[in-house]
Amino acid sequence: MSSLTPSAHRRPARRTGAWIAAAAVGATLVLSGLVAAPATAASTAQYTGIILGVGANESQRIVTWYSTADEEQLVQLAPTASVVNGEFPATAKTFTATGTANITSVGGVNRHTTLTGLEENTAYTYRVGSEGNWSTAYSFSTQSFDGDFDFLFFGDPQIGASGNVANDGAGWANTLDVALGANPTAELLVSGGDQVETANTETQWDAFLASDKLRQYPWVATIGNHDVGGKAYEQHLYTPNTDRSAKYYANGDPASNTSGGDYWFIYKDVLFIDLNSNSYKTTDGTNGDAAHVAYVTDVINQHGAEAKHTVLVYHHAIYSAASHAKDADNKVRRVDFPTVFSNLGVDLVLQGHDHVYTRSYEIKNGEKANPDEQPGQDEIFVGPGGVVYMTANSASGSKYYNITAPDASGTSGAGNGADPLNPSSYWYNSVQSQEKTRSYVQVKVRDDKLIVEDIRSEASGSNPVLSVVDSVTINANHGDGQDIQVDVPESAPGEFGWTIDGTNRLVDLGTAVEKDNTYFTASGEINPITVTDTRKTHSGWSISASVGDFTDGAKVLSGKYLGWTPSVKEEGAGTIAGAPIASGYTSGTGLSESRALAGAWNGHELGASKVGAGLELTFPNTTEKGAYRATLTLTALAG
């Protein structure tokens, strides 16, 4: 059996036992102090428009806010459990913010930063600002980073569209309260675009951002045609993985006073791709639908395999039923997009713009995929290339459009012809609804399906709040093969520990025996040590020990005279005995220095073992008579 020397680079593990012969206590004194911060002028900046946004994945969030002053600011973040009486702990993390001057008439600056390294199933509290001048603290919670989840989709709050900002804001806030009251564990709030009526009107943005729900749940921003004409959208709603190239701007100029950009992120098993559909056609030919198609293709080719579902979001509803159904620009998109989306395996397309609720049939390559699919069918088993398109109605009640009638322009491609199964509807729509009632869409993401429901956030006739307008289960397609799935739960992390076997009795070496009239010798054996290692990391561990001097009152016998021979009494956990150490009577330092009792290398088997060591004490016969005792201190290190 080979010997083992403890590594100095292993991290200490939990200690479960600590003394032999007599109790020993080791302590490390840590000195700390406070260093006074340099005196600086107190900030008087005011912070408004704080909003929690989605990050690139489940472990991130983006915080954006407006500041009246251009100064260094940050976000302070801590687990909610560690924030006591509003005081953030010293261990709170800080994230430095960046930003740009607000180019609207109000001046000031817009800041944003990305919170990274979030843990799952954790409540966090955060605030923005600087030392001495913090905003109100807000909280949000992460959930499991795997498995099923729900998100909510909201169409066109468009605050100010009715001409009454206060009423629009109140309706919007009420929809958020109703939706999140019924779905407190929803994980994302997805926008259908048109947050406000006029792009750079800050009073409308203030009303849109008034609800604290937007500081508790991440908002997935989408740019609408009412948002695009100013920089306020970009400045209020910073987004991850955003391509701000000229081709994703309606006027081809990111530096102009307009907003734009395409972005994507992956949340659990869903790849979300969000497009600026305002940029669909330009005179210079450098941007438009072709650019979006290339973007979607590139993102799905690179990241599609990382998710089970692909959801596209953009503002302009290409399959809707109201005022915009026959718009020329939508007819262009209705030709440019569907075949590409079918070929790329997109599952669901979420849209706004038409202020009416619609759910399409399964659409493949710009045509109804299954002629037998019935109007309002509540379960769909999509075939290869089947995509469902959904248009959300107004979430604020600020504006509704009436459903319009089909025409004779055909039942495929850009046509707006009638549905043969329901002539009052458009050929592409399974469901059309306009109750002029606020609603939101709930999407339940499950292993093999998406369950989509349009839900009233205010009563409509005899239909109460939270009643369902439409519900459909979209079952995924798996092509010609048979996919097999198994859910693997997180395994117990295991632990490393050791304890003195049985009763930790005094190790009595008895009465020393004199040898050759020159030295005394005594022997014995330590109480055995049981070692257990069930960590799935299989990383190495070691147990070492050293002994202090033997004492009897004022009389002292050096600990260097004690030597030992370690042994493995019961094999397991990859245990290897340490090397024998001779008494320091003739030379050396014996066990007065730390020596390996036992250990295991990285990759060792899991389990338990029992180790021991024979002790041999050899010391000069000039030592004064007495009953001497020493303490053997054990130390465990585990990687």
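For the structure itself, consult the block above.
Before going into details, it helps to say that this report is about the structure given with it. The structure displayed is predicted, hence computed values, not measured ones.

Comments concerning the overall build of the protein
No. 1: The helix and strand inventory of the protein stands at six helices and 40 strands.
No. 2: Seen through its C-alpha atoms, the protein measures out along the principal axes to roughly 120 × 65 × 50 Å.
No. 3: Counting all 639 residues of the protein, 53% fall into the buried class.
No. 4: For the protein, the proportion of contacts with a sequence separation of at least 24, taken over those separated by at least 6, is 73%.
No. 5: Carbon and sulfur atoms make up 50% of the accessible area of the protein, which totals about 27100 Å².
No. 6: One finds the centroid of the 41 positive side-chain charges in the protein at a distance of 6 Å from the centroid of its 70 negative side-chain charges.

Observations regarding the environment of Phe520
No. 1: Here Phe520 is to be found in strand β31 (residues 519–525).
No. 2: A C-alpha to C-alpha distance of 17 Å links Phe520 and Asp552, two positions 32 residues apart in sequence.
No. 3: The contact partners of Phe520, leaving out residues within four places of it in the chain, are Ala512, Val513, Glu514, Leu617, Thr618, Phe619, Pro620 and Asn621.

Description of the sheet that holds strand β37 (residues 576–577)
No. 1: Pairing in this open sheet of four strands is antiparallel, and the strands run β37-β38-β33-β40 from one edge to the other. In this open sheet, the two edge strands, each paired with only one partner strand, are β37 and β40 (632–638).
No. 2: Bridge analysis of β37 against strand β38 (residues 595–600) gives two bridges, and the strand direction is antiparallel. Pairing of Ile576 across the sheet is with Gly599, part of β38.

Observations concerning unusual backbone geometry
No. 1: With phi around 50°, Asn85 is a residue other than glycine that occupies positive phi space.
No. 2: Relative to the helices and strands, Asn85 resides in the loop between β3 (74–79) and β4 (93–96).
No. 3: Despite not being glycine, Asp194 has its phi angle at roughly 55°, a positive value.
No. 4: In this fold, Asp194 is placed in the loop between β11 (188–191) and α2 (202–208).

So, helix α5 (residues 328–336)
No. 1: Listed as buried for α5 are Asp329, Asn330, Arg333 and Arg334. Buried residues along α5 cover an arc of 140° about the axis, so they all sit on one side. In α5, the exposed positions angled more than 90 degrees off the buried face are occupied by Ala328 and Val335.
No. 2: Summarising the contacts, the buried residues of α5 are in contact with α4 (289–303), β16 (309–316) and α6 (338–344).

Observations concerning the packing of aromatic side chains
No. 1: For the coordinates displayed, the defined rule picks out 28 aromatic pairs.
No. 2: Each ring, one from Trp427 and one from Tyr428, has its centre 5.1 Å from the other, and the planes form 75°; the classification is edge-to-face.
No. 3: Judged by relative accessible area, which is 2%, Trp427 ranks as buried.
No. 4: Chaining the aromatic ring pairs together yields one cluster made of Phe149, Phe151, Tyr263, Phe265, Tyr267 and Phe272.
No. 5: Lying over the aromatic face of Tyr138, Arg215 brings its terminal NZ or CZ to 5.5 Å of the ring centre.

Here's the deal with the pattern of salt bridges
No. 1: Counted by the stated rule, this structure contains 18 salt bridges.
No. 2: A salt bridge links Asp177 to Lys213; its shortest N-O distance comes to 3.3 Å. Here Asp177, found in helix α1 (residues 165–182), pairs with Lys213, found in the loop between α2 and β12 (219–220); they are 36 residues apart in sequence, far enough to count as distant.
No. 3: Taking the shortest distance from any N to any O, the salt bridge between Asp447 and Lys308 comes out at 3.6 Å. Placement of the pair is Asp447 in the loop between β26 (439–446) and β27 (449–456) and Lys308 in the loop between α4 and β16, with a sequence separation of 139 residues.
No. 4: A single network of salt bridges, built from pairs that share partners, joins Lys231, Glu234 and Arg244.

So, the nonpolar core
No. 1: If you look at the biggest cluster of nonpolar residues, it comprises 88 residues, and the most contacted ones within it are Phe154, Leu188, Trp219, Phe272 and Ile273.
No. 2: Residue contributions to this core peak at six residues, all from α4.
No. 3: Setting aside residues up to four positions removed in sequence, Phe154 forms contacts with Trp172, Thr175, Leu176, Ala179, Leu189, Val190, Ser191, Gly192, Trp219, Ala392, Ala395 and Tyr440.
No. 4: Counting residues in each nonpolar core, the second largest holds 37 residues, with Val531, Leu557, Val568 and Ala638 among its members.

Concerning the layout of surface pockets
Take a probe with the size of a water molecule and roll it over the atoms, and the empty space left behind shows itself.
No. 1: In this structure, the largest pocket encloses a volume near 640 Å³.
No. 2: Along its surface, the largest pocket is lined by 28 residues, and Leu509, Gly510, Phe550, Leu617 and Tyr628 are the ones closest to its centre.
No. 3: Contributions of two or more residues to the lining of the largest pocket are made by β31 and β39 (607–620).
No. 4: No other element matches the three residues that β39 contributes to the lining of the largest pocket.
No. 5: Of the residues assigned to the lining of the largest pocket, the class counts are 20 nonpolar, four polar and four charged.
No. 6: If you add up the space inside the second largest pocket, you get close to 460 Å³.

Let's talk about the sheet that holds β16
No. 1: Reading across the sheet, the eight strands line up as β13-β14-β15-β16-β17-β22-β18-β25 and stay open at both edges, with mixed pairing between neighbours. Two strands in the sheet have a free side with no partner beyond their single neighbour: β13 (242–243) and β25 (429–433).
No. 2: Alignment of strand β14 (residues 262–267) against strand β15 (residues 270–274), held across five bridges, turns out to be antiparallel. Within β15, the residue paired with Tyr267 across the bridge is Val270.

Quick look at α4
No. 1: Spanning 15 residues, α4 covers 21 Å between terminal C-alpha atoms, matching the ideal 21 Å at 1.5 Å per step.
No. 2: Every buried residue belonging to α4 is among Asp289, Ala291, His292, Val293, Tyr295, Val296, Val299, Ile300 and His303, and all of these are buried.
No. 3: Its buried side turned inward, α4 meets β13, β14, β15, β16, α5 and α6.

How each quantity is defined
- Residues numbered from 1 in each chain as written.
- Predicted model: local features only at pLDDT ≥ 70, side-chain atom pairs only at ≥ 80, totals over all residues.
- Heavy atoms only, no water.
- Helix = DSSP H or I, 4+ residues; strand = E, 2+ residues; numbered from the N terminus.
- Buried < 20%, exposed > 50% of the residue type's maximum accessible area, 1.4 Å probe, protein only.
- Contact = heavy atoms within 4.5 Å.
- Areas by Shrake-Rupley, 256 points an atom, 1.4 Å probe, with all protein chains shown as cover.
- Lys, Arg positive; Asp, Glu negative; His and termini not counted.
- Charge placed at Lys NZ, Arg CZ, Asp CG, Glu CD.
- Pairing = 2+ DSSP bridges.
- Arc of directions from axis to C-beta.
- Phe/Tyr/Trp six-rings, centres within 6.5 Å; stacked < 30°, edge-to-face > 60°.
- Lys NZ or Arg CZ within 6 Å of the ring centre and 35° of its normal.
- Salt bridge = Lys/Arg side-chain N within 4 Å of Asp/Glu carboxyl O.
- Core = buried A, V, L, I, M, F, W, Y, C linked by side-chain atoms within 4.5 Å.
- 1 Å grid on protein atoms, 1.4 Å probe; cavity = no way out; pocket = protein on both sides within 12 Å on 5 of 7 lines; lining within 4 Å.
- Points joined across faces, edges and corners; volume = space filled by probe spheres on them.
- Nonpolar A, V, L, I, M, F, W, Y, C, P; charged D, E, K, R; others polar.
- Expected span 1.5 Å × (residues − 1).

In short, shape yes, function no, at least from these values alone.
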